[in-house]
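Geometric and topological summary
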Amino acid sequence: TAPGGGEYEFEMTWSHLYVALSKRLVGYTSEAWFDFSVHGGAIIDHTLTEFQTEGVEAETIDGERGWFAPGVGFSATVRGPGPAGFYLEFLNSLPVNIGGQAIWLTDARAGLTADLTENGLVSLFLGYRYVRGTYRLYDAPLVREGGRTAAELAMRGPAFGLDFRF
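What counts and how
Residues numbered from 1 in each chain as written. Predicted model: local features only at pLDDT ≥ 70, side-chain atom pairs only at ≥ 80, totals over all residues. Heavy atoms only, no water. Salt bridge = Lys/Arg side-chain N within 4 Å of Asp/Glu carboxyl O. Helix = DSSP H or I, 4+ residues; strand = E, 2+ residues; numbered from the N terminus. Buried < 20%, exposed > 50% of the residue type's maximum accessible area, 1.4 Å probe, protein only. Polar contact = N/O pair within 3.5 Å; in protein donor to acceptor, adjacent residues only side chain to side chain. Phe/Tyr/Trp six-rings, centres within 6.5 Å; stacked < 30°, edge-to-face > 60°.

Let's talk about the pattern of salt bridges
Evaluated as defined, the whole model comprises 6 salt bridges. Here Arg109 makes a salt bridge to Asp163, at a shortest N to O gap of 3.0 Å. Note that Arg109 is positioned in strand β5 (residues 101-115) and Asp163 in strand β7 (residues 148-164), a separation of 54 residues in sequence. Members of the salt-bridge network, linked through shared partners, are Asp35, Arg79 and Asp115.

Structure follows, in structure tokens:
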């Protein structure tokens, strides 16, 4: 409760982006029934926290913040005849203190995928996703000790979207 026992409202907006280069190790041809690749890149997250109570509207002490971490993972697809298959992807960040902050993040998704284009450059995904992140702040960049946890976030549930391959 807010001061004086009043009601309050806390809201957090969380945006999550992963940009990576992928190395295809197995499959990825029109005849392949199994595809496997490894990828590495950058995890870029954005958090915005707001607090509101009767007559007062404010940001929390951490307010709006951008987060960055290197990340690595793998993707695997098992396909039957035709453009559809089962897809599994796993991503984990490397929690390096860059600029006084670090992310420990796990992102996993599994479900059905279907190619929308003949060459497989665009696919539709429908399945389940789990993302969990721990965000830590440090007094100085590149130190490994100390710091405090600014947020622990988790999201899970049905997911859908488009995957683009270049």
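Some words on the side chain of Asn97
Following the sequence through the fold, Asn97 ends up in the loop between β4 (84-93) and β5. When its relative accessible area of 6% is taken as the criterion, Asn97 is described as buried. In terms of polar contacts, Asn97 uses its side chain to reach the backbone carbonyl oxygen of Val143, at 3.0 Å.

Quick notes on the packing of aromatic side chains
Counted by the stated rule, this structure contains 6 aromatic pairs. On the basis of an interplanar angle of 45° and a centroid distance of 5.7 Å, the ring pair of Trp33 and Phe34 is categorised as tilted. Since its relative accessible area comes to 27%, Phe34 is described here as partly exposed. With centroids separated by 4.7 Å and ring planes inclined at 65°, the aromatic side chains of Trp67 and Tyr135 adopt a geometry described as edge-to-face. In this pair, Trp67 is assigned in strand β3 (residues 56-79) and Tyr135 in strand β6 (residues 122-137), connecting sequence segments 68 residues apart. Under the relative-accessibility criterion, Trp67 is labelled buried at 4%. Linked through ring pairs, Trp33, Phe34, Phe36, Phe74 and Phe90 together constitute an aromatic cluster.

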